[in-house]
Amino acid sequence: MISLHAYRDQWFGNVRGDILAGLVVALALIPEAIAFSIIAGVDPKIGLYASFSIAVVVAIAGGRPGMISAATAATAVLMVTLVKEHGLQYLLAATVLAGLLQIVAGFLRLGYVMRFVSRSVMTGFVNALAILIFMAQLPELIGVPWLTYVMVAAGLAIIYLFPLLTKSVPSPLVCILILTVVAIYFGLDVRTVGDMGELPSTLPVFLIPEIPLNLETLSIILPYSAAVAAVGLLESLMTASIVDEFTDTTSDKNRECIGQGLANTATGFIGGMAGCAMIGQSIINVKSGGRGRLSCFCAGVFLLFMIVVLGDLVKQIPMAALVAIMIMVSIGTFSWSSIKNMKDHPRSSSVVMLATVVCVVLTHNLAIGVLVGVLLSGIFFSWKISQIFRVTSTLSEDGAHRTYLVEGQIFFASADAFSAAFDFREALKKVTIDIGRSHIWDISSVAALDMVVLKFRREGAEVDIVGLNEASETIVDKLAIHDKPGALERLLGH
Amino acid sequence: MSRIIALVDGSVYSRSVCDHAAWIASRTGSGVELLHVLRRNHAAAGPNNLSGNIALGARTALLTELSERDAQAARISQEFGRVILEQGHEQLTAAGIADVTTRLRIGDIVEEVAAFEADADIVVIGKRGDAADFAKLELGSNLERIARTCRKPVFVAARAFTPVDRFLIAFDGGASSRKAVDHVAASPLFAGLACSLLAVGPDTPAVRGPLDAARATLEAAGYDVDAEIVQGPPDLLIAAAVETQNIGLLVMGAYGHSRIRNLIIGSTTAEMIRLCKIPVVLFR
């Protein structure tokens, strides 16, 4: 637990910067929340309510001040089929359950699992996320009148060029304003946000998802909830470490898990969809001067305020403006240096990164991509380590006693190489295997060592193992069978 | 080897903190560790960019920009911190203290004191620091936080050091003031000084008993004790006693009787530090 003083400082240590940044972030959140609702296939109000409540709850309960959480693309893409097949109420229930799972993860201190997610997997994650965000814009870009392309291009031009003029006004906001005014003034026939579904007109109210409370419901929502919980925590913890880097401070990862869980649980009960921390928005927040909890809190409150008050205007925003902003977010999220780095980085890291991206793009599920990435990194790692291993030998002068010196790591990946390193055809009286400079890690290596000893014995040699170090000794004591009668049969029976 | 931690921050009080530390060190023969804590500049103010867009490579660009800004600010404050410590070092050496070390840390002052207080006998801090408002005679917020959390006695330095002949123990019979008495009896810091023992309250056995016990402890340790019970508002009475008896140092518990108040330092305590123009030693 942090002290009251530190907590107060996290809220009010940077009031002016936080409020200003909160405002900028709120303006940027509105188009995103609407866009992500559309990705998930629900009314924009679901994403907007979610963004409000997640931002506010995480600001209070989260572990990383200065990070922005709201409805996100990463979680939205996971819920598409759930909404399509079962409807909104199941989405709300899944959101609540995902939140509960995250709280449990927080209490179980699962934040430490993050250490198995390597840098390459993280890069793959953000790249895949960027691609998903971009792909979600495609329906608005394919088979539409040419006017849309003009508007999107104009929107992008405003977003990227306006900051050259002044940096004191958010350029995405300028893009929205100009495109909306142009569309209304010329009476352009383009799709608007109002066409995409209902916008909030009131403050959110507490409601319990209308679903039958039985095992069947659970079996429907649990897979979605588990994926949402996992992806949400992954992106949140990743964003937290990015903000850690930016601000040169540390964050409480387990507290962040609990905060995210509480936020999603609360959000499900006020009719919002699940979300998590947002990399792009957190970058915008820090860039705009936001550092404390107040910035995320303000972002949520301003967002709801603007939507409820300005709902009629928001309805008229042309979709082209949103698409332009989302393309900006997608470009900003993508790690372009990772493409450049592919030349210099070890090939295995590039493979891990690419595999993560490909799996996500194919399955639309970031959790699967990350899992594949983590497994691949593990395999590559053990493959590399298995090469740190050498067997050398010396023959005594009379040619009857050979001493093998084993160095390095012996485990499942190097066990075969270990067995192959001995010459059983050589007729010896005595064999000494010195494993003092090696580590025996698992039962595969124990079985391999057993096998070697037994084989030498069958050829008539007397075998001596020396230098079992502490680590090896414990595992050999537990598992080895070469010194028991009938040993070979049992070993072969494996 | 026992040590004194002296907290310096470059304000007017730094000089007197060093003077007081030198006085304590010369009496107890302990070494002095000068500690300056740089505040982490986590809200590095700079030209705000409210453009709200994230362009290509935004993450790397932002990280570079922020690190450079922080690096500059950190270099300047580090240099400033070293100058403060050097000045303190010179001052103490000039006062004849041989064993002086300095330590420059980054972070929160309370956490840093907590990290190093285990090796220390006493922590010396000024009544108010760089950030506090002198005009209002407010106490520094760091002082309050350290008085609340520090496990060692906290010596609160007055604005200027004056030699001490007589000290006064404000005794309320509570755990922290009993601890203060025990510490005084055992410590070479107070040896040879005249001692006044003052309790505020009705002259009943409940007050008289602990006071007599405290007096006995002190007399056994060789102090010439002048014990007294007075009735009225504690802060004013103690301040008056300090004034009339020409007291040079006030010793008291950081907390009063009230258990609820144990979270904050006692209101009388805070008032005493504010009112009296002399150093105060706090015990918890």
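On a predicted model such as this, the values are computed, not experimentally measured, just so you know.

Can you lay out the pairing of strand β6 (residues 166–171) of chain B for me, pointing to particular residues and giving the numbers?
Residues and elements named next belong to chain B. With five of six residues buried, β6 lies mostly within the body of the structure. Alignment of β6 against strand β7 (residues 194–200), held across six bridges, turns out to be parallel. Bridging from a neighbouring strand, arginine 166 pairs with alanine 194 of β7. Crossover connection from β6 via helix α5 (residues 175–186) to parallel β7: handedness right-handed. Across four bridges, the pairing between β6 and strand β9 (residues 249–253) is parallel. Opposite leucine 168, over in β9, you have leucine 250 as the bridge partner.

How would you summarise the sheet that holds strand β5 (residues 430–440) of chain A if you had to cite specific residues and measurements?
Residue and element names in this part refer to chain A. Taken in spatial order, the four strands of this open sheet run β3-β4-β5-β6, and their pairing is mixed. The open sheet has two edge strands, β3 (389–395) and β6 (462–466), and neither has a second partner. In this sheet, adjacent strand axes meet at a mean angle of 15° when their direction is disregarded. Of the strand pairs in this sheet, β5 and β6 are connected by five bridges, and their pairing is parallel. Among the inter-strand pairings, lysine 430 is bridged to a residue of β6, identified as glutamate 462. Helix-sheet contacts for helix α19 (residues 443–458) involve β4 (401–410), β5 and β6, and the interaxial angle to β5 is about 170°.

Any chance you could break down the sheet that holds β6 of chain B for me, citing the residues and the numbers?
Residue and element names in this part refer to chain B. Strand order in the open sheet made by the ten strands is β3-β2-β1-β4-β5-β10-β9-β6-β7-β8, with mixed pairing throughout. The two strands at the open ends of the sheet, each matched to only one other strand, are β3 (100–106) and β8 (225–230). Pairwise comparison of adjacent strand axes, ignoring direction, gives a mean angle of 20° for this sheet. Judged from the five bridges that link them, strand β1 (residues 3–7) and strand β2 (residues 31–38) form a sheet pairing that is parallel. Bridge pairing links isoleucine 5 to glutamate 33 in β2. The strands that α5 touches are β6, β9 and β10 (280–283); relative to β9, the one it contacts most, it runs at about 130°. Against the sheet, helix α6 (residues 205–220) makes contact with β6, β7 and β8, and its axis sits at roughly 170° relative to β8, the strand it touches most.

Conventions used here
- Residues numbered from 1 in each chain as written.
- Chains lettered and ligands numbered in written order.
- Predicted model: local features only at pLDDT ≥ 70, side-chain atom pairs only at ≥ 80, totals over all residues.
- Buried ≥ 20, exposed ≤ 12 C-beta atoms within 10 Å, placed from the backbone.
- Helix = DSSP H or I, 4+ residues; strand = E, 2+ residues; numbered from the N terminus.
- Pairing = 2+ DSSP bridges.
- Right-handed = clockwise from strand over helix to strand, strands pointing away.
- Axes fitted to C-alpha atoms, helices over the stretch in contact; angles between N-to-C directions.
- Contact = placed C-beta atoms within 7 Å.

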